Amino acid sequence: MTKLEFVDCHRLPERSFFFKGKQFPLCARCTGIYVGYAIFIPIIFFIKINILFALLAIMPTTIDGLTQAYCNRESNNILRFITGIFAGLGLAGISDFIAYYIVVSLKFLYHLL
């Protein structure tokens, strides 16, 4: 298995994808989140995501993870991956929202000086 030292992922084999007999270095959910980042970060330069939509996009992953952890329910890798993609979209949208207001605040401070 490949080590990714900067990623905090459990990498359980039963919750990971395999390709040609080798396990992905991330679980299915984390793979989906990173795919979501890769897809949606370039799009954010052209389309602004509403913060409410971004928060709602994270909800399927949250619900899937919490019901799996606390309700004796087992998800599958395809569902983990798809909800992870939505979480990647939501997290990218939230990051864009935060970055926008940091830039606006810095511009405001610059004009005060």
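Look up a bit, the structure's there.
Computed from a prediction, not measured in an experiment: that's the story for all the values here. (Residues numbered from 1 in each chain as written. Predicted model: local features only at pLDDT ≥ 70, side-chain atom pairs only at ≥ 80, totals over all residues. Heavy atoms only, no water.)

A. Here's a closer look at the packing of aromatic side chains. Under the definition given, this model contains 5 aromatic pairs. With centroids separated by 5.7 Å and ring planes inclined at 75°, the aromatic side chains of Y34 and Y37 adopt a geometry described as edge-to-face. Here Y37 and Y34 lie together in helix α1 (residues 28-44), a separation of 3 residues that amounts to about one turn. Note on Y37: relative accessible area 26%, which makes it partly exposed. With a centroid separation of 5.0 Å and an interplanar angle of 85°, the aromatic rings of Y100 and Y101 are classed as edge-to-face. (Phe/Tyr/Trp six-rings, centres within 6.5 Å; stacked < 30°, edge-to-face > 60°. Helix = DSSP H or I, 4+ residues; strand = E, 2+ residues; numbered from the N terminus. Buried < 20%, exposed > 50% of the residue type's maximum accessible area, 1.4 Å probe, protein only.)

B. Looking closely at the pattern of salt bridges. All told, the structure shown has 4 salt bridges when counted by the stated rule. A salt bridge links R73 to D64, with the shortest nitrogen-to-oxygen separation between them at 2.8 Å. A relative accessible area of 30% means that R73 is categorised as partly exposed. Accessibility expressed as a relative area gives 3% for D64, which makes it buried. The salt bridge partner of R80 is E74, with a shortest N-O separation of 2.8 Å. For R80, a relative accessible area of 2% corresponds to the buried category. What makes E74 exposed here is its relative accessible area of 56%. One salt-bridge network, held together by shared partners, links R29, D64 and R73. (Salt bridge = Lys/Arg side-chain N within 4 Å of Asp/Glu carboxyl O.)

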